[in-house]
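# Overview (structure and organization)
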Amino acid sequence: MIYTMTLNPALDYVMHPLTLDMGFTNRSSSEELHCGGNGINISTLLNELDVPSIAMGIAAGFTGDYLLKRLQEKGVASNFVILDRGYTRINIKLNGIVMTMVNGMGPKIPEKKVDELLARMDVVGAGDTLVLTGSIPNSLPEDMYMQIMRRLGGRGIQFVVDAPGQLLMESLEMHPFLIKPNNHEVGRIYGVEIEEPEACMPYAHKLQEAGARNVIISCGGHGSLLLDENGAEHIVPTARIRLVNATGAGDSMVGGFLAQVTRGVDYETALIFASACGTATAASKGIAKRSTIDRVVTALYKKMGRAIPGTIARDIEENRVRAEEDEKKGSEAK
Ligand SMILES: O=P(O)(O)OC[C@@]1(O)O[C@H](CO)[C@@H](O)[C@@H]1O
């Protein structure tokens, strides 16, 4: 089973402001509300791909109730500790000419609720994957991810860590199965400016030498790289799309990669699929739907001048047939 941990989930309130003038009232042309937080985004993407996962974390108040209700409606399994006070944050995403985000701090988490969460996490065991991603609320210890990994270490669990600088570097001693920083995060860690996957590859080697098994570095429109646990280097371009909203694109990459690795697909194919999932979300409102992912996978293989591997091509065909049947049933029911 894949477990995702979101210690500080959010409702992402995406606004499309026509202007963004500081000190004035700006008007938005439309708004959307999505379930957010990195782990939740990964579980949402996995659910879209019919890969079971359990989203774990801490929720509170009316926003937390709404978040959990929405997850249930979508069919995303969850196991959240509920706080008695405060409310799950609402993160503002201002999707104008440039994307501007204001992320909330999140509720204060009492120690007894942390203990409850840790106790619930004891269900994670041998052969499971645990994804630790997103910010750690101020009221929790900064080394919370390390505490979780140390507690669960030695049980045969595969850890996936997608966290900023120091947190990521500290986690490497636990030999995470996968880390996925982007080029800017890697640049900040090593004090360099790097844009393209080729330039990032030496740093992927450094991160692997420091303990990570598989290292993905996403480089936005320049593509992405994977240095896999066997030492093989893979570089994949990005499919061309019209950018709608990049929130959750990195999480979708992680979800797409895990979905393919879980079914035993080779690492390069998993990276290509992961890249397509990230791009598909960037082209969507919220986390990408299956049909968009399939479209982007097809476009990416075309761009690379390669044939789509059998397993992925069969999935695409099955999804197409299923969508057609659903549409037929829908119009018959009207
Ligand atoms: O404040 P954090 O935890 O660092 O990031 C949270 C967040 O910005 O990351 C996700 C992906 O971009 C969003 O769904 C969410 O609002």
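Note that the coordinates shown come from a computational prediction; the quantities given were computed from them, not determined experimentally. (Residues numbered from 1 in each chain as written. Predicted model: local features only at pLDDT ≥ 70, side-chain atom pairs only at ≥ 80, totals over all residues. Heavy atoms only, no water.)

### Here's the deal with the sheet that holds strand β5 (residues 77-83)
Taken together, nine strands build an open sheet; the order of strands is β5-β4-β1-β8-β9-β10-β11-β12-β13 and the sheet is mixed. Two strands lie at the open edges of the sheet, namely β5 and β13 (233-236), each paired on one side alone. With five bridges joining them, strand β1 (residues 2-6) and strand β4 (residues 53-60) adopt parallel strand pairing. Bridge assignment links Thr6 to a residue of β4, and that residue is Gly57. Across the face of the sheet, helix α2 (residues 61-74) comes into contact with β4 and β5 while running at roughly 165 degrees to β4. On the sheet, helix α4 (residues 144-152) packs against β8 (129-133) and β9 (158-162) and is oriented at approximately 165 degrees with respect to β8. (Pairing = 2+ DSSP bridges. Helix = DSSP H or I, 4+ residues; strand = E, 2+ residues; numbered from the N terminus. Contact = heavy atoms within 4.5 Å. Axes fitted to C-alpha atoms, helices over the stretch in contact; angles between N-to-C directions.)

### Focus: the sheet that holds strand β3 (residues 28-36)
Pairing in this open sheet of four strands is mixed, and the strands run β3-β2-β6-β7 from one edge to the other. The open sheet has two edge strands, β3 and β7 (99-102), and neither has a second partner. Going across the sheet, the axis of each strand differs from the next one's by a mean of 20 degrees, ignoring polarity. On top of the sheet, α2 reaches β2 (10-17), β3 and β6 (89-95); it is set at about 75 degrees to β3, its chief contact.

### Examining the pattern of salt bridges
Two side chains that carry opposite charge are able to pair once their charged atoms sit near each other. Counting across every chain of the model gives 16 salt bridges. In this structure, Asp84 and Lys112 form a salt bridge, with 3.9 Å as the shortest nitrogen-oxygen distance. A residue pair is termed long-range when its members are at least 10 positions apart, and Asp84 in the loop between β5 and β6 and Lys112 in helix α3 (residues 111-120) qualify at 28 residues. Relative accessible area serves as the criterion here: at 54%, Lys112 is assigned to the exposed category. In this structure, Arg213 engages Glu229 in a salt bridge whose closest nitrogen and oxygen atoms are separated by 2.9 Å. Taken as a pair, Arg213 in the loop between α7 (197-209) and β11 (214-218) and Glu229 in the loop between β12 (224-227) and β13 lie far apart in primary sequence, 16 residues in all. Arg213 sits in the partly exposed class, given a relative accessible area of 30%. Within this structure, Asp84, Lys112, Lys113, Glu116 and Arg120 form a network of salt bridges that share partners. (Salt bridge = Lys/Arg side-chain N within 4 Å of Asp/Glu carboxyl O. Buried < 20%, exposed > 50% of the residue type's maximum accessible area, 1.4 Å probe, protein only.)

### Examining the UniProt feature "domain: Carbohydrate kinase PfkB" (unreviewed entry) in the protein chain
In the numbering used here, UniProt assigns the feature "domain: Carbohydrate kinase PfkB" (unreviewed entry) to residues 5-287. Annotated as 36% helix and 25% strand, the span residues 5-287 places its first and last C-alpha atoms 17 Å apart. (UniProt positions renumbered as here; feature names shortened; annotations may be inferred.)

### Overview of the site of the ligand
Of all residues adjacent to the ligand, which total 14 residues, the nearest are Asp12, Arg89, Asn91, Lys93 and Ser135. Within the contact set of the ligand, an oxygen atom lies 3.0 Å away from a backbone nitrogen or oxygen of Gly37. Notes on the ligand: free accessible area 390 Å², of which the protein chains cover 81%. Residue assignment for the shell around the ligand shows that the elements contributing at least two residues are α1 (38-48) and β6. Here the shell around the ligand takes three residues from β6, the largest share from any one element. (Near = heavy atom within 4 Å. Polar contact = N/O pair within 3.5 Å; in protein donor to acceptor, adjacent residues only side chain to side chain. Areas by Shrake-Rupley, 256 points an atom, 1.4 Å probe, with all protein chains shown as cover.)

### Some words on the packing of helix α8 (residues 249-262) against helix α9 (residues 267-282)
Running from N to C, α8 and α9 cross one another at 145 degrees; their axes reach a closest spacing of 7 Å. Of the two elements, α8 crosses α9, and the hand of that crossing is right-handed. Listed contacts from α9 to Ala249, Ser252, Met253, Gly256, Phe257, Gln260 and Val261 of α8 are Tyr267, Ala270, Leu271, Phe273, Ala274, Ser275, Cys277, Gly278, Thr281 and Ala282. Residues of the contact of α8 with α9, tallied by class, amount to eleven nonpolar, six polar and no charged. (Left-handed = near helix turned anticlockwise from the far one by under 90°. Nonpolar A, V, L, I, M, F, W, Y, C, P; charged D, E, K, R; others polar.)

### Focus: the nonpolar core
Ranked by internal contacts, the top residues of the largest apolar core, which has 45 residues, are Leu7 and Leu130. Ignoring sequence-local partners within four residues, the contact set of Leu7 consists of Ile58, Ile109, Leu117, Ser135, Ile136, Pro137, Leu140, Met144 and Tyr145. (Core = buried A, V, L, I, M, F, W, Y, C linked by side-chain atoms within 4.5 Å.)

### Looking at a negative patch on the surface
On the surface, Glu193, Glu195, Glu196 and Glu198 cluster together to form a negatively charged patch. By the secondary structure assignment, Glu198 is in helix α7. (Patch = residues over 30% accessible without salt bridge, like charges linked within 9 Å, V, L, I, M, F, W, Y side chains within 5 Å. Lys, Arg positive; Asp, Glu negative; His and termini not counted. Charge placed at Lys NZ, Arg CZ, Asp CG, Glu CD.)

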